[in-house]
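Report on the structure
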Amino acid sequence: MTSIANRPRTTLVAARTRPSGNSAHKKKGVLHYIGVGLSFGLLALITLIAVLVIALPMLTKSTPYTVLTSSMTPTYPAGTLVIVKPTDTQQIHIGDVVTYQLESNQPAVVTHRVIQVIEPTTADGTVSFITKGDANSLPDAKPVKPVQVRGVVWYAVPFIGWVNNVVNGDARNVIIPIVAGGLFLYAGFMGASTIVDRRRKAQALAQAAVNLDHEQSRERGEMDDALRELFVAERH
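Summary of the structure given here. (Residues numbered from 1 in each chain as written. Predicted model: local features only at pLDDT ≥ 70, side-chain atom pairs only at ≥ 80, totals over all residues. Heavy atoms only, no water.)

**What about the pairing of strand β5 (residues 128-132)?**
Cut-off, in case you're wondering: Under the scheme applied here, a residue whose accessible area is under 20% of the maximum for its type counts as buried, over 50% as exposed, and between as partly exposed, the area being computed with a 1.4 Å probe on protein chains only. Secondary structure counts use DSSP, requiring at least four H or I residues in a row for a helix and at least two E residues in a row for a strand, with both numbered from the N terminus. Strands pair, by our definition, only if DSSP identifies at least two bridges between them.
The element β5 is extensively covered by neighbouring structure, given that five of its five residues are classed as buried. In β5, alternate side chains face the same way, and those of Ser 128, Ile 130 and Lys 132 on one face and Phe 129 and Thr 131 on the other are all buried. Judged from the five bridges that link them, strand β4 (residues 109-118) and β5 form a sheet pairing that is antiparallel. Counted as the bridge partner of Val 117 is Phe 129 from β5.

Printed below as a string of structure tokens:
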């Protein structure tokens, strides 16, 4: 009688200690989630830079220029990319930072701050501007005429100017599509990986629930069998 009563109990312990399908699914470590977070952060940073350097200037018809000297330090150190927005010269005031051509219709430009606005002395005259670099002790040699002004600095992105110089000109037509395509592929890969990972987790949880239900059903059946055997043994 004692051996009959103990047999199902041993079976129940074995059933409970049997590893389920969910225990075989190892949890991903902290480093994995740190890597995923860094990847998304890097993607977000690159996307933001692309918007600031490419998208916004194109939409607003602004022009990016690279600061090559230290004359505007510390506001715009060498290597800064300044986005210059076309502005009516009547809207330019003292304190604005403008980008202007050294000579009208010539490619060489300078980005300096307006320190004085010279009003025309005659009715048909035009306004002109006295400019100076923040780090310079003296103003620029010649007043700047409206025809020379390319616009007012809208915003700036530090350190990106050197990259802009590398991808400027003919190389821009090749490099930008490659970078943009790579970003879209990377974003698609990360999104697909996240979806697949979530589906795997959902399937693992569902399978674990099924396994648990089966184990509980088996344990209930074994318990019922044990009680019946015990009842029969006691009657005899």
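So, next bit.
**Considerations on the pattern of salt bridges**
Inclusion rule: Note on definitions: salt bridges are taken to be side-chain nitrogens of Lys or Arg within 4 Å of carboxyl oxygens of Asp or Glu.
Evaluated as defined, the whole model comprises one salt bridge. With its nearest N and O atoms 2.8 Å apart, the salt bridge here joins Asp 134 to Arg 113. Placement of the pair is Asp 134 in the loop between β5 and β6 (149-157) and Arg 113 in strand β4, with a sequence separation of 21 residues. Assessed through its relative accessible area of 27%, Asp 134 is described here as partly exposed.

**Regarding the environment of His 112**
So the rule is basically this: We call two residues in contact whenever any of their non-hydrogen atoms come within 4.5 Å of each other. Two N or O atoms count as a polar contact when they lie within 3.5 Å, although within protein this holds only if one can serve as hydrogen donor and the other as acceptor, and sequence-adjacent residues are included solely when both atoms are side-chain atoms.
Structurally, the position occupied by His 112 is in strand β4. Here His 112 falls in the buried class, since its relative accessible area comes to 5%. Distance from His 112 to Thr 99, taken between C-alpha atoms, is 6.6 Å for residues 13 residues apart in sequence. Those residues in contact with His 112, other than ones at most four positions away along the chain, are Ser 71, Met 72, Asp 96, Val 97, Val 98, Tyr 100, Thr 131, Lys 132, Gly 133, Asn 136 and Asp 140. Within the structure, His 112 has its side chain in polar contact with the side chain of Asp 140 (distance 2.9 Å).

**Notes on the packing of aromatic side chains**
Note the cut-off: Only centres within 6.5 Å qualify two rings of Phe, Tyr or Trp (six-membered ring in Trp) as a pair; their planes then separate them into stacked at under 30 degrees, edge-to-face at over 60, and tilted for everything else. By definition here, charges over rings are those cases where NZ of Lys or CZ of Arg is within 6 Å of the ring centre and within 35 degrees of the ring normal.
Counted according to the given criterion, the structure contains one aromatic pair. With a centroid separation of 5.0 Å and an interplanar angle of 65°, the aromatic rings of Trp 154 and Tyr 155 are classed as edge-to-face. The ring of Trp 154 is capped by Lys 85, whose NZ or CZ atom sits 4.6 Å from the centre of that ring.

**Things to note about the sheet that holds strand β1 (residues 63-66)**
Working definition: the strands of a sheet are paired by backbone hydrogen bonds and lie parallel or antiparallel to each other. Going by this rule: Between N-to-C directions, angles span 0 to 180 degrees; the directions come from axes that are lines fitted to C-alpha atoms, helices contributing only their stretch in contact.
Across the sheet, six strands lie side by side as β1-β2-β6-β3-β4-β5; this open sheet has antiparallel pairing. Lying at the two open borders of the sheet, with one neighbouring strand each, are β1 and β5. Within this sheet the neighbouring strands show an average axis-to-axis angle of 50°, counted without direction. Note: strand β2 (residues 81-85) against β6, five bridges, orientation antiparallel. Residue pairing across strands places Lys 85 opposite Val 152, the latter belonging to β6.

**Re unusual backbone geometry**
The amide bond that connects Thr 73 to the next residue, Pro 74, takes the cis arrangement and shows omega of 5°. Mapped onto the elements of the fold, Pro 74 is located in the loop between β1 and β2. Its identity is not glycine, yet Asn 105 carries a phi of approximately 70°, on the positive side. Along the chain, the position of Asn 105 falls in the loop between β3 (97-101) and β4. Residue Asn 105 is classed as exposed on the basis of its relative accessible area, which comes to 70%. The phi angle at Phe 159 is positive, at roughly 70°, despite the residue not being glycine. On the secondary structure map, Phe 159 appears in the loop between β6 and α3 (160-166).

**Notes on the nonpolar core**
To keep things clear, this is the line we draw: We call a set of buried Ala, Val, Leu, Ile, Met, Phe, Trp, Tyr and Cys residues a nonpolar core when their side-chain atoms join them within 4.5 Å.
Core analysis: the largest hydrophobic core is formed by 10 residues, namely Ile 92, Val 98, Tyr 100, Val 110, Val 114, Val 127, Phe 129, Val 144, Val 149 and Val 152. Elements with a minimum of two residues in this core: β3, β4 and β6. Contacts of Val 98, omitting those with residues within four sequence positions, involve Ile 92, Val 110, Thr 111, His 112, Val 114, Thr 131, Gly 151 and Val 152. Tyr 65, Met 72, Val 82 and Val 153 belong to the second largest nonpolar core, which has eight residues in total.

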